[in-house]
Amino acid sequence: MTASTPASTLTGPRLRVAPSPTGDPHVGTAYMSMFDLAYARQQGGQFVLRIEDTDRKRLVEGAEEQVYDTLHWLGLDWDEGPDKGGPFAPYRQSERLETYQPYVDRLLAEGKAYHCWCSAERLTQMRERQQKLKQATGYDRLCLGKTREERAELPGFTQTPVVRMLVPEDVDLTWDDLVMGRSSAPRPDDQVILKADGFPTYHLAVVVDDHEMGITHVVRGQDWMSSTPKHTLLYQMLGLEPPKFAHMPQLLESGKKKISKRRNPWARLTWFREQGYLPEALVNFLALQCYPPIVEADGSEREIFTFADFTERFQWDKVKRAGAIFNLDKLEWLNGQYIRALDVDDLADRIVAHLRRVGVIEGEPTDEQLALLRAATPLVQERMQLLSEAEGMLAFLLVADEDVLVEDDAVASLKGDPAQVLDAALPALESLDSWAADDIQAALRAAIVDGLGIKPRLAFGPLRVGITGRRVSPPLFESMEILGRESTLARLRSFRATL
Ligand code: GLU
């Protein structure tokens with residue numbers, strides 16, 4: 001046993017999140033982490049990140065890094081973990097193999113576990129037979145009580161055995177859950193705890209590590225409830241105190257199915273960053289999936305709250321038991337609220353970071369690009385729900401004048417005679433002394449609306465398309481001011497030439 005600090009000397013609760021690095025991290029990892037962290041912080045305890053990589057066939061390279069990146073991005077930082085170390089290192093299960101062996105040896109010596117040499121083919125045939133006879137499926141204990149030699153004489157023998165726990169007839173299938181109350185799950189068959197490759201299964205590793213790492217509260221999704229009796233039995237067999245369990249409601253898609261990375265892009269944590277959600281909006285949204293809004297002293301309800309607000313008030317008995325539908329419209333609305341509440345410079349920095357992440361800005365932005373984006377941020381702050389919308393709205397500021405891409409649908413949307421509009425606009429702008437939005441607007445109104453008698457609704461479309469290449473843009477006159485006289489005129493002239 002590797003722990004250098006006895007778990008019993010710790011004070012305060014210890015919670016952990018234990019993702020398996022099997023691909024792009026699941027949004028559930030963040031969902032669990034936020035409850036872990038809130039409770040740990042509220043109670044002066046610790047939050048541990050453990051990597052559960054015992055299923056060697058499912059490992060995906062880079063997935064562990066993505067867990068770190070996405071949780072850091074969300075501000076859900078851990079106190080101990082593989083990248084940080086801590087008193088119970090290592091925190092990666094594949095590096096803890098010698099930790100599990102003594103537990104297995106003890107269970108074997110006490111007759112609470114046994115070797116099983118059944119081949120995969122035999123187990124499949126057994127299951128098919130049980131299904132055909134409409135019997136409960138489960139291991140039939142062919143190997144129980146047999147020596148290797150005795151078993152070798154029977155069919156379906158393999159050389160390298162697994163170890164199974166012996167589930168007694170009177171196994172307790174119930175527990176008190178912090179969220180679900182008195183709970184129970186079906187009786188398990190004799191579970192494999194040590195695989196033929198020498199790696200523990202999830203069930204053994206999770207129990208041993210939660211014990212060794214002094215974990216006091218296991219927070220996980222309700223889909224793990226069927227495993228809980230296996231774990232409480234292992235605790236009992238090993239004479240260990242089990243942690244408290246909190247099984248959180250599932251995140252559901254609209255058909256009330258559990259969300260899955262296969263069907264739902266938003267099950268992938270990285271998706272939210274790519275789409276331009278703010279981490280604090282996502283954390284707030286995840287809390288609302290199973291936690292009521294904050295009730296103020298005057299009885300009013302507040303759905304928008306910081307993680308600190310949530311941490312201060314969090315109570316297990318307020319967590320709802322039923323799963324919530326993952327409502328992306330609601331998340332988008334929430335994100336818009338957060339964007340509007342940001343300080344402009346902060347929003348500008350996040351827009352820049354987003355544009356870099358998606359490659360609209362390659363490498364370090366130039367001072368000129370930064371100045372343009374900072375100046376334009378107030379123009380888009382009220383109009384955005386997602387940072388990704390900045391890509392379309394502000395990209396015109398980042399391209400050279402000769403590279404403005406005029407979109408076909410933008411040209412097609414222009415009514416009347418755009419050439420006539422531009423021919424009136426260009427001299428009016430060329431002779432302007434001041435390049436402030438108000439003066440630009442006054443000059444263009446005089447030239448186009450008054451001069452040509454074109455309705456304001458139609459008057460400025462050709463200018464918008466010429467400058468931004470798009471049908472929709474931030475407010476036009478402010479955009480022209482920020483873009484500057486020279487670029488504005490250059491773009492309008494070259495658009496005129498194409499008409
Ligand atoms: N490794 C498991 C997972 O990937 C952890 C489940 C638990 O929290 O016990 O979700």
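Coordinates for the structure precede this section.
Residues numbered from 1 in each chain as written. Predicted model: local features only at pLDDT ≥ 70, side-chain atom pairs only at ≥ 80, totals over all residues. Heavy atoms only, no water.

### Brief notes about the overall build of the protein
And then number 1: When its secondary structure is counted, the protein shows 21 helices and 13 strands.
And then number 2: On C-alpha atoms alone, the protein measures out to a radius of gyration of 31 Å, which is more than a quarter above the 23 Å that the 2.2 N^0.38 rule sets for 499 residues.
And then number 3: Considering only C-alpha atoms, the protein reaches an extent of 100 × 55 × 40 Å along its principal axes.
And then number 4: By the burial criterion, 50% of the 499 residues in the protein qualify as buried.
And then number 5: Pairs at least 24 apart in sequence give 76% of the contacts found in the protein among residues at least 6 apart.
And then number 6: In the structure as shown, the protein presents an accessible area of about 22900 Å², 50% of it carried by carbon and sulfur atoms. (Helix = DSSP H or I, 4+ residues; strand = E, 2+ residues; numbered from the N terminus. Rg over C-alpha atoms; globule rule 2.2 N^0.38 Å. Buried < 20%, exposed > 50% of the residue type's maximum accessible area, 1.4 Å probe, protein only. Contact = heavy atoms within 4.5 Å. Areas by Shrake-Rupley, 256 points an atom, 1.4 Å probe, with all protein chains shown as cover.)

### Examining a negative patch on the surface
And then number 1: Together, Asp 433, Asp 438, Asp 439, Glu 478 and Glu 481 give the surface a local cluster of negative charge.
And then number 2: Among the elements of the structure, helix H17 (437-452) and helix H20 (476-483) are those that each provide at least two residues to the negative patch.
And then number 3: Looking at where Glu 481 falls in the secondary structure, it is placed in helix H20. (Patch = residues over 30% accessible without salt bridge, like charges linked within 9 Å, V, L, I, M, F, W, Y side chains within 5 Å. Salt bridge = Lys/Arg side-chain N within 4 Å of Asp/Glu carboxyl O. Lys, Arg positive; Asp, Glu negative; His and termini not counted. Charge placed at Lys NZ, Arg CZ, Asp CG, Glu CD.)

### Side note on the packing of aromatic side chains
And then number 1: Here the structure, examined in full by the defined rule, presents 21 aromatic pairs.
And then number 2: Residues Phe 35 and Phe 310 carry aromatic rings whose centres are separated by 5.9 Å and whose planes lie at 70° to one another, so their mutual orientation is edge-to-face. Of this pair, Phe 35 sits in helix H1 (residues 27-43) while Phe 310 sits in helix H10 (residues 307-313), and the two are 275 residues apart along the sequence. Phe 310 carries the same exposure label as Phe 35, and that label is buried.
And then number 3: One aromatic cluster in this structure is built from Tyr 31, Phe 35, Tyr 39, Tyr 291, Phe 305, Phe 307, Phe 310, Phe 314 and Trp 316.
And then number 4: Taking NZ or CZ as reference, Lys 84 lies 5.2 Å from the ring centre of Trp 78, over its face.
And then number 5: Here Arg 164 stacks its cationic end above the ring of Tyr 139, 3.8 Å away from the centre of that ring. (Phe/Tyr/Trp six-rings, centres within 6.5 Å; stacked < 30°, edge-to-face > 60°. Lys NZ or Arg CZ within 6 Å of the ring centre and 35° of its normal.)

### Some thoughts on the pairing of strand E5 (residues 174-177)
In regular strands, side chains alternate between the two faces of the sheet.
And then number 1: With burial as the criterion, only one face of E5 is covered, namely that bearing Trp 175 and Asp 177; the residues Thr 174 and Asp 176 on the opposite face remain uncovered.
And then number 2: Here E5 runs beside strand E6 (residues 181-184); their pairing, made up of four bridges, is antiparallel. Paired with Asp 176 across the two strands is Arg 182, which belongs to E6.
And then number 3: In this structure, the hairpin formed by E5 and E6 is closed by a connection of three residues. (Pairing = 2+ DSSP bridges.)

### Side note on helix H9 (residues 279-288)
And then number 1: In terms of residue burial, H9 counts as a mostly covered element, since nine of its ten residues are buried.
And then number 2: Burial in H9 covers these residues: Pro 279, Ala 281, Leu 282, Val 283, Asn 284, Phe 285, Leu 286, Ala 287 and Leu 288.

### Re the environment of Glu 121
And then number 1: Turning to its location among the elements, Glu 121 is positioned in helix H4 (residues 120-132).
And then number 2: Expressed as a C-alpha distance, the spacing of Glu 121 and Met 34, which sit 87 residues apart in the sequence, is 43 Å.

### Topic: the site of the ligand
And then number 1: Surveying the vicinity of the ligand reveals the residues Arg 16, Ala 18, Ser 20, Glu 52, Tyr 202, Val 206, Arg 220 and Trp 224.
And then number 2: Between the ligand and Glu 52 there is a distance of 2.6 Å, counted from a nitrogen atom to a side-chain nitrogen or oxygen.
And then number 3: The fraction of the free accessible surface of the ligand (300 Å²) that becomes covered by protein chains is 82%.
And then number 4: Among the residues making up the shell around the ligand, the classes are represented as four nonpolar, one polar and three charged. (Near = heavy atom within 4 Å. Polar contact = N/O pair within 3.5 Å; in protein donor to acceptor, adjacent residues only side chain to side chain. Nonpolar A, V, L, I, M, F, W, Y, C, P; charged D, E, K, R; others polar.)

### A few points about the sheet that holds strand E4 (residues 157-165)
And then number 1: Pairing within the open sheet is antiparallel, and its three strands lie in the order E3-E4-E7. The open sheet has two edge strands with one neighbour each: strand E3 (113-118) and strand E7 (192-194). Neighbour to neighbour, the strand axes of the sheet diverge by 55° on average, direction disregarded.
And then number 2: Inspection of the sheet shows E3 paired to E4 by five bridges, in the antiparallel sense. Looking at E4, one finds that Ala 113 is bridged to Met 165.
And then number 3: Contacts from helix H3 (residues 97-109) reach E3, E4 and E7, with the element oriented near 95° to E3. (Axes fitted to C-alpha atoms, helices over the stretch in contact; angles between N-to-C directions.)

### Describing the packing of helix H19 (residues 461-468) against helix H21 (residues 485-498)
And then number 1: As a packed pair, H19 and H21 sit with axes 8 Å apart at the nearest point and diverge in direction by 105°. Taken as axis vectors, H19 and H21 run roughly perpendicular relative to one another. Contacts from Pro 462, Leu 463, Val 465, Gly 466 and Ile 467 of H19 reach H21 at Thr 488, Arg 491, Leu 492 and Phe 495.
And then number 2: In terms of residue class, the contact of H19 with H21 is made up of six nonpolar, two polar and one charged. (Parallel < 35°, antiparallel > 145°, perpendicular 65-115°, else oblique.)

### Here we look at the pattern of salt bridges
And then number 1: On inspection of all chains with the given rule, the structure shows 32 salt bridges.
And then number 2: The salt bridge involving Asp 79 is made with Arg 41; its shortest N-O contact spans 2.9 Å. Placement of Asp 79 in the loop between helix H2 (63-73) and H3 and of Arg 41 in helix H1 is noted, with a sequence separation of 38 residues between them.
And then number 3: Note that Asp 423 is salt-bridged to Arg 496, the shortest N-O span being 2.7 Å. Of this pair, Asp 423 sits in helix H16 (residues 418-430) while Arg 496 sits in helix H21, placing them 73 residues apart in sequence.
And then number 4: The class of Asp 423 is partly exposed, set by a relative accessible area of 41%.

### Quick word on helix H13 (residues 367-381)
And then number 1: For H13, with 15 residues, the first-to-last C-alpha span of 21 Å sits near the 21 Å given by 1.5 Å per residue.
And then number 2: Maximum bend of H13: about 30°, positioned at Ala 375, with proline Pro 378 one to four residues after it.
And then number 3: Buried within H13 we find Gln 369, Leu 370, Leu 372, Leu 373, Ala 376, Thr 377, Leu 379, Val 380 and Gln 381. (Expected span 1.5 Å × (residues − 1). Bend = angle between axes of the 7 residues up to and from the residue.)

### Regarding unusual backbone geometry
And then number 1: Looking along the chain, the bond that leaves Ala 89 and enters Pro 90 is cis, with omega of 0°.
And then number 2: Even without being glycine, Lys 134 reaches a positive phi, approximately 55°.
And then number 3: Secondary-structure assignment places Lys 134 in the loop between H4 and helix H5 (148-152).
And then number 4: Owing to a relative accessible area of 75%, Lys 134 belongs among the exposed residues under this scheme.
And then number 5: The backbone of Arg 141 sits at a positive phi, close to 65°, despite the residue not being glycine.
And then number 6: Within the secondary structure, Arg 141 is located in the loop between H4 and H5.

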